[in-house]
Amino acid sequence: MRIYLEFALKKFQNKMVYRLDFFMGMINTLITIAVYLCIYKALYGDASTIDGVTYQMVATNFVIALGLSQAFTFNEMFMQDKIKDGSITNEFLKPVNFKLRMLSENIGEGLFKVIFHFFPALLLTCLYTDICMPKSFANLVLMLFSMILGYLVLWLISFIVQTWSFWLFSVWGIVTIKNVFINILSGSLLPLWFMPGPLKTVISCTPFESIYFTPVRIYLGQLSGMDIFKGIMIQCIWILALYLAGNIFWKKGVKKLVVQGG
């Protein structure tokens, strides 16, 4: 396990080398928060609530989802680049698990963005807007646990898409479409509270709700008791299903792999 911690640490340290990226990332995050909160404020106008959802709840949903999206940072072209230049064969010779190596580096990069991009922007945001506090300390702890599960759900979706690099020349288009679906259907940009009933039913049958919206609802206290247990169990079921699907694509792709040149 130590070697994978080293991969995460090295990725974290590599990101720290680029000082300009640190400042620009923080400014970009702050601008993103400010723009979307202004849009939500304009949509609410003088209304205190819409369909029982307050502006403060919407702002909290967006800020938490943005923070999670910073943590959930992946190099979506990692596997494709390795396959294209043939270096993936060298990865198979290393005494490490390729998938865990990918996961470790993604975690390292995500931690960097949360600490140096999101947290400074969040502190500045709290100066001019109210963010809901967690319902209780227990809700905060359960939200953090649910957040980890949400991370694994999204990472496994990304991994499955990346394995299609074994069959496709480029997965960039599919990655873009996947990200659009996730941004819309996970509740990160538009809270799922405002989705039409039939669409919410469809979304509940997909893994997208488990990525951001479940942790947010636990944080706000909209889920409690057995509802929290049910939400976490749904996340675990999706993790298992996506893990098995990812393994199938990975094994079939490795068998198909042909590398020419050197």
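The coordinates are above.
Residues numbered from 1 in each chain as written. Predicted model: local features only at pLDDT ≥ 70, side-chain atom pairs only at ≥ 80, totals over all residues. Heavy atoms only, no water.

**Student:** Help me understand helix α6 (residues 98–125) in this model?
**Tutor:** Each turn of an α-helix holds 3.6 residues, which means side chains three or four residues apart point in the same direction. When the terminal C-alpha atoms of α6 are compared, their 39 Å separation across 28 residues agrees well with the 40 Å that a helix rising 1.5 Å per residue should span. The N-capping residue of α6, defined by a side-chain oxygen 2.9 Å from the backbone nitrogen of lysine 99, is asparagine 97. (Helix = DSSP H or I, 4+ residues; strand = E, 2+ residues; numbered from the N terminus. Expected span 1.5 Å × (residues − 1). Polar contact = N/O pair within 3.5 Å; in protein donor to acceptor, adjacent residues only side chain to side chain.)

**Student:** Looking at this model, I keep getting lost on the nonpolar core. Mind explaining?
**Tutor:** Side chains of nonpolar character tend, in soluble globular proteins, to be buried together. In terms of nonpolar packing, the biggest core is built from 63 residues, with Phe72, Met79, Trp155, Ile211 and Tyr212 touching the most fellow members. Counting residues per element, the ones that place at least two in this core are α2 (19–44), α3 (55–71), α4 (78–84), α6, α7 (137–163), α8 (172–185), α10 (213–220) and α11 (226–256). Broken down by element, the residue count for this core peaks at 11 residues, all from α3. If near-sequence neighbours (up to four positions away) are discounted, phenylalanine 72 is found in contact with Met147, Gly150, Tyr151, Leu154, Ile211 and Tyr212. (Core = buried A, V, L, I, M, F, W, Y, C linked by side-chain atoms within 4.5 Å. Buried < 20%, exposed > 50% of the residue type's maximum accessible area, 1.4 Å probe, protein only. Contact = heavy atoms within 4.5 Å.)

**Student:** What exactly am I supposed to notice about the packing of aromatic side chains here?
**Tutor:** Aromatic ring pairs are described here by two measures, namely the spacing of the ring centres and the angle between the planes. What the rule picks out here adds up to 13 aromatic pairs. Taking the centre distance of 6.4 Å and the plane angle of 80° together, the rings of tryptophan 167 and phenylalanine 249 count as edge-to-face. In this pair, tryptophan 167 is assigned in the loop between α7 and α8 and phenylalanine 249 in helix α11, connecting sequence segments 82 residues apart. Of the residues examined, tryptophan 167 reaches a relative accessible area of 38% and is grouped as partly exposed. For the pair tryptophan 193 and phenylalanine 213, a centre-to-centre distance of 5.4 Å together with 65° between the ring planes defines the contact as edge-to-face. In this pair, tryptophan 193 sits in the loop between α8 and α9 (197–203) while phenylalanine 213 sits in helix α10, placing the two residues 20 residues apart along the sequence. The residues tryptophan 193 and phenylalanine 213 share a single accessibility class, namely buried. Lysine 41 extends its terminal NZ or CZ atom over the ring of tyrosine 55, reaching a point 4.6 Å from the ring centre. Against the face of phenylalanine 169 rests lysine 84, its NZ or CZ located 4.2 Å from the ring centre. (Phe/Tyr/Trp six-rings, centres within 6.5 Å; stacked < 30°, edge-to-face > 60°. Lys NZ or Arg CZ within 6 Å of the ring centre and 35° of its normal.)

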